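# Chain and residue survey
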Amino acid sequence: MQSEANFRISKISAHLNPSNFQMGENSMLEQAECRAKGGAPGFKVAILGAAGGIGQSLAMLMKMNPLVSVLHLYDVVNAHGVTADISHMDTGAVVRGFLGQPQLEDALVGMDLVVIPAGVPRKPGMTRDDLFKINAGIVRTLCEGIAKCCPNAIVNLISNPVNSTVPIAAEVFKKAGTYDPKRLLGVTMLDVVRANTFVAEVLGLDPREVSVPVVGGHAGVTILPLLSQVKPPCSFTSEECEYLTKRIQDGGTEVVQAKAGAGSATLSMAYAAVKFADACLRGLRGDANIVECAFVASQVTELPFFATRVRLGRTGAEEIFQLGPMNEYERAGLVEAKKELIASIEKGASFISK
Ligand SMILES: NC(=O)c1ccc[n+]([C@@H]2O[C@H](COP(=O)([O-])OP(=O)(O)OC[C@H]3O[C@@H](n4cnc5c(N)ncnc54)[C@H](O)[C@@H]3O)[C@@H](O)[C@H]2O)c1
Ligand SMILES: O=C(O)C[C@H](O)C(=O)O
């Protein structure tokens, strides 16, 4: 008869077989399932595109988040390798890997939050819109899975071009009859993270003390930092305004050029994504006054989507804040931002409706 110790070890060996990183009988994951059920309450989070440049660091940071009890890692390549690696971290979240389209639905069932960094990144000379051809279809397929398997999940959409992929996701959810605008959030947190960093540099402050609202969208001139609303209150010369606005708008391109063909921002993006996902989870938990910027369905301008500060709660973006008082430079920037943004939004929406 197999001893208790041998039985436990044989279960651990089963865990080392990559095919057991997905849900299955007699796998270590059943134990993990029990641990997840019996452990501290937490949220179930899926990362789609988890084996990529953003995905891997994001997976690591989410595994460190005490609010996460179950972490599903989905990709079309290497999902089991990343899962094996991350699963050795001695933190609470139970990690499961899912590889390829046939496992997408298992990856999504029961999730509270789905973070999507799947898709191709830019190379030097490309705009984010150049990624539309490939990433639009990827986002459509993933959102069809979400509509079917976890229609009430909060969705954090990172895949570019965000100005178009968010309208694509909205149309997919509308078609499926599951659309809740509060639950669909385009991630523009990296623009805020950059703005805080660059503004702090100019002011000689610790970036953690600085808060810059960044509104509009997530590409070039659609990224509109509101430097007149920086906290703590401060003032800038017109040269400083010009320098900071350009640097924040071109932050992504700065990284793409420095990486010289090896992709775009991954580490700072994973940091920003986890900061935003954590805010969404604290909102879901019912914490008060969780306010971050995100690209959401909005009536703040005449455009159907716009990035502004939003209050995150149990049902997603529960309150959308107005733009607040802007100076002449920002009002001119807003006109430019809206011109480009409307075209990107329409391009995304018509990808599904045609
Ligand atoms: N919103 C932002 O601020 C922001 C910042 C940085 C990057 N991005 C965007 O995020 C995306 C990912 O960037 P990256 O550097 O991680 O790229 P990457 O190429 O390193 O990783 C992308 C991952 O997506 C996976 N993938 C491709 N098709 C998939 C599918 N159908 N289902 C699931 N996974 C799939 C790939 O296998 C890969 O592992 C890009 O579109 C990039 O432009 C957005
Ligand atoms: O610039 C890119 O292509 C990636 C991302 O949108 C960024 O802002 O870093």
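Please refer to the structure placed before this passage.
Let us look at the structure shown here. What you are looking at is a predicted structure, and each value in this text was computed from that prediction instead of being measured.

### Here we look at the packing of aromatic side chains
All told, the structure shown has 2 aromatic pairs when counted by the stated rule. Ring plane angle 90° and centroid distance 5.6 Å describe the contact between Phe 132 and Phe 351, whose orientation is recorded as edge-to-face. With Phe 132 in helix 6 (residues 132-149) and Phe 351 in helix 12 (residues 328-353), this pair connects stretches of sequence that are 219 residues apart. Each member of the pair, Phe 132 as well as Phe 351, carries the same accessibility label: buried. Positioned over the ring face of Phe 321 is Arg 309, at 5.1 Å from the centre of the ring. Between Lys 347 and the ring centre of Phe 132, over which it is positioned, the NZ or CZ distance is 4.7 Å.

### Description of unusual backbone geometry
Cis peptide bonds are those with omega within 30 degrees of zero, and the linkage from Asn 160 to Pro 161 qualifies with -5°. Among the secondary structure elements, Pro 161 is positioned in the loop between strand 5 (154-157) and helix 7 (162-176). With an omega of 0°, the peptide bond between Lys 231 and Pro 232 qualifies as cis. A positive phi is found at Asn 78, a non-glycine position, where the angle reads about 50°. Following the sequence through the fold, Asn 78 ends up in the loop between strand 2 (68-75) and helix 4 (79-87). Phi is positive for Ala 260, which is not a glycine, with a value near 50°. By the secondary structure assignment, Ala 260 is in the loop between helix 10 (251-259) and helix 11 (267-285). Look at Ala 260 and you get exposed, because its relative accessible area is 59%.

### Quick look at the site of ligand 1
Neighbouring ligand 1 are 29 residues, the closest being Gly 53, Ile 54, Asp 75, Val 120 and Asn 160. One of the side-chain nitrogen or oxygen atoms of Asn 160 is found 2.9 Å away from an oxygen atom of ligand 1. In the environment of ligand 1, a nitrogen atom lies 3.2 Å from a nitrogen or oxygen atom belonging to the backbone of Val 187. About the coverage of ligand 1: the protein hides 86% of its 870 Å² of free accessible area. Where the shell around ligand 1 is concerned, the elements lending two or more residues are helix 3 (53-63), strand 2 and helix 6. Per-element accounting of the shell around ligand 1 gives the leading share, 3 residues, to helix 6.

Cut-offs applied
Residues numbered from 1 in each chain as written. Chains lettered and ligands numbered in written order. Predicted model: local features only at pLDDT ≥ 70, side-chain atom pairs only at ≥ 80, totals over all residues. Heavy atoms only, no water. Phe/Tyr/Trp six-rings, centres within 6.5 Å; stacked < 30°, edge-to-face > 60°. Helix = DSSP H or I, 4+ residues; strand = E, 2+ residues; numbered from the N terminus. Buried < 20%, exposed > 50% of the residue type's maximum accessible area, 1.4 Å probe, protein only. Lys NZ or Arg CZ within 6 Å of the ring centre and 35° of its normal. Near = heavy atom within 4 Å. Polar contact = N/O pair within 3.5 Å; in protein donor to acceptor, adjacent residues only side chain to side chain. Areas by Shrake-Rupley, 256 points an atom, 1.4 Å probe, with all protein chains shown as cover.

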